[in-house]
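# Commentary on secondary and tertiary structure
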Amino acid sequence: MRAIGFAFGLLALSTPMAVAKEPIKWIESLSGGSKIEIPEFFEDGDGWLLGGFAENYGSVFRPASYPDAELRQYRALEKKMTPFEYLKQAIVGDDSIVTYKIDRPSLAVISGTSPDGEFIFYGMCQKHRTVTCFDMHWNKKDQALFQPIAERIARSFRKNR
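As the structure is a prediction and not an experimental result, all values here were calculated from the model.

Each value, and the rule that gives it
- Residues numbered from 1 in each chain as written.
- Predicted model: local features only at pLDDT ≥ 70, side-chain atom pairs only at ≥ 80, totals over all residues.
- Heavy atoms only, no water.
- Buried < 20%, exposed > 50% of the residue type's maximum accessible area, 1.4 Å probe, protein only.
- Helix = DSSP H or I, 4+ residues; strand = E, 2+ residues; numbered from the N terminus.
- Arc of directions from axis to C-beta.
- Contact = heavy atoms within 4.5 Å.
- Polar contact = N/O pair within 3.5 Å; in protein donor to acceptor, adjacent residues only side chain to side chain.
- Phe/Tyr/Trp six-rings, centres within 6.5 Å; stacked < 30°, edge-to-face > 60°.

## Concerning helix α2 (residues 83-91)
Every buried residue belonging to α2 is among P83, F84, Y86, L87 and I91, and all of these are buried. Mapping the buried residues of α2 onto a view down its axis gives an arc of 160°, with all of them on the same face. Contacts from the buried residues of α2 go to β5 (70-76), β6 (97-104), β7 (107-113), β8 (119-127) and β9 (131-139).

Shown next as structure tokens:
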């Protein structure tokens, strides 16, 4: 039992203090045909609507406190592409390093880093009748904060009925 307590103590010491400032407040975002939970601080920065390109629409969020981070939530009506093909085209650059991917007929997930390793990206698409997606990127120095955020957004990702 003491070993478990010791391990938790080491974990607490290794956790960056900046992450533990205060609990994140979560809100629901309905956009682009989907519903996700996002941190409230995403709405405190710049945001705009997507529209007018390739029949896509949705929202973009860029938090004021993390100007290198961005979250997009959108729908694509492109029927000739699989969700994975669409997601790869939407977020992966030619020289990006893909570290994780899922390519199924109704689900696509992709994550990785920019060529210089400075930025991390993550995206997910689901196909029902249409393809709904979210993707995000952030600076590697903020990984301790944004990785759990990306995981929670992915768990909450649903088609908006």
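Read on, since the account is not over.
## Section: the environment of S59
Structurally, S59 is set in strand β4 (residues 57-62). Residues S59 and F134, spaced 75 residues apart in sequence, show a C-alpha to C-alpha distance of 9.5 Å. A polar contact is formed between the side chain of S59 and the side chain of S31, at a distance of 2.7 Å.

## Some thoughts on the packing of aromatic side chains
Working definition: an aromatic ring pair is given by the centre-to-centre distance plus the angle between the planes. Overall, the coordinates contain 9 aromatic pairs when judged by the stated rule. Aromatic pair F41 and F146: ring centres 6.4 Å apart, planes at 80°, arrangement edge-to-face. In this pair, F41 is assigned in the loop between β2 (34-39) and β3 (46-51) and F146 in helix α3 (residues 143-156), connecting sequence segments 105 residues apart. Of the two residues, F41 and F146, both sit in the buried class. Measuring from centroid to centroid gives 5.3 Å for Y66 and F146, while their planes differ by 90°, and the two rings are edge-to-face. Pair noted here: Y66 is in the loop between β4 and β5 and F146 is in helix α3, with a separation of 80 residues, a long-range link. For F146, a relative accessible area of 0% corresponds to the buried category. What links up through ring pairs into an aromatic cluster is the set F41, F42, Y66, W138 and F146.

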